[in-house]
Amino acid sequence: HNKKADNLITTDKTKNIAIAPGAGNKIRQWNFEDYLKIAKYLRERNYCVYFFLGPQEKEFLDICLQNKFSCPEWKDGEMISKDITFTINLAKKMNCLLCNDGGTAWMFEFAGIKTLKIFGVTDENKFSRPNYSKTIQVNNYGYNDIKDFPLDKYKTILNEFLNNI
């Protein structure tokens with residue numbers, strides 16, 4: 001699977017940002033529309049944004065593609081491989097990952113890639129890898145629901161994160 005992953009992403013790693021909008025449970029997901037706005041914001045700043053969508057996020061595939069964002073795990077509406085090493089090899093081509101508390105984050109963190117991970121109902125200390133993950137716990141900002149976390153506040157934290165990786 002290494003060769004397969006190598007050919008899918010050929011852009012400059014320092015400019016590659018992955019977004020994984022899914023999580024095992026919708027209650028742990030920030031709004032997809034907000035991630036899409038963040039992706040456009042980053043593209044305006046000359047980053048190459050890649051969406052990492054699991055089988056449960058297939059509903060977002062067309063929206064990503066219509067907005068000219070690559071989804072490297074997918075081809076012709078199907079996942080290329082469900083092998084974890086395939087995703088890890090793609091992860092190694094990214095500078096960082098923006099995500100919820102989901103499994104994709106762990107693949108990136110164990111591939112040595114920094115994550116900016118937003119949390120609502122789960123424990124940000126228990127579910128992030130020390131020194132690899134910057135966390136946003138929405139409760140610390142006065143929000144009970146992850147979906148209520150504001151885009152502007154996220155952008156501020158994101159800019160600080162990108163300046164420090």
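This text goes with the structure placed above it.
The rules behind each value
Residues numbered from 1 in each chain as written. Predicted model: local features only at pLDDT ≥ 70, side-chain atom pairs only at ≥ 80, totals over all residues. Heavy atoms only, no water. Helix = DSSP H or I, 4+ residues; strand = E, 2+ residues; numbered from the N terminus. Rg over C-alpha atoms; globule rule 2.2 N^0.38 Å. Contact = heavy atoms within 4.5 Å. Buried < 20%, exposed > 50% of the residue type's maximum accessible area, 1.4 Å probe, protein only. Pairing = 2+ DSSP bridges. Right-handed = clockwise from strand over helix to strand, strands pointing away. Disulfide = S-S within 2.5 Å. Salt bridge = Lys/Arg side-chain N within 4 Å of Asp/Glu carboxyl O.

1. Side note on the overall build of the chain
Alright, step 1. Helix and strand counts for the chain stand at six helices and seven strands.
Alright, step 2. For the chain, the α and β elements follow one another from N to C terminus as α-β-α-β-α-β-β-α-β-α-β-β-α.
Alright, step 3. Since a compact globule built from 165 residues should have a radius of gyration of about 15 Å, the 15 Å found for the chain is in line with a globular shape.
Alright, step 4. Along the longest, intermediate and shortest principal axes, the C-alpha atoms of the chain span 45 × 30 × 30 Å.
Alright, step 5. Across the chain, contacts joining residues at least 24 apart in sequence account for 54% of those joining residues at least 6 apart.

2. Regarding the pairing of strand β5 (residues 96–100)
The side chains of a regular strand alternate between the sheet's two faces.
Alright, step 1. For β5, the tally of buried residues reaches five of five residues, placing the bulk of the element in the interior.
Alright, step 2. Both faces of β5 are covered, namely the face carrying C96, L98 and N100 and the face carrying L97 and C99.
Alright, step 3. Across five bridges, the pairing between β5 and strand β6 (residues 114–119) is parallel. The residue of β6 that forms the bridge with N100 is I118.
Alright, step 4. With respect to chirality, the unit in which β5 leads through helix α5 (residues 103–110) into the neighbouring parallel β6 is right-handed.

3. A short note on the state of the cysteines
Alright, step 1. Under the criterion given, the structure shown has zero disulfides.
Alright, step 2. In this structure C48 is not part of a disulfide, and its nearest cysteine sulfur, from C96, lies 12 Å away.
Alright, step 3. Taking relative accessible area as the criterion, C48 reaches 26% and is therefore assigned partly exposed.
Alright, step 4. Unpaired in terms of disulfides, C64 finds its nearest cysteine sulfur in C71, a separation of 4.1 Å.
Alright, step 5. Judged by its relative accessible area of 0%, C64 is buried.

4. As for the pattern of salt bridges
Alright, step 1. Applying the stated criterion to the full structure yields four salt bridges.
Alright, step 2. With a closest N to O distance of 3.4 Å, K26 and E59 form a salt bridge. Here the residue K26 occupies a position in the loop between β1 (16–20) and α2 (32–44), and E59 occupies one in the loop between β2 (48–51) and α3 (61–66), the gap between them amounting to 33 residues.
Alright, step 3. For K26, a relative accessible area of 47% corresponds to the partly exposed category.
Alright, step 4. In this structure, E44 and R45 form a salt bridge, with 3.5 Å as the shortest nitrogen-oxygen distance.

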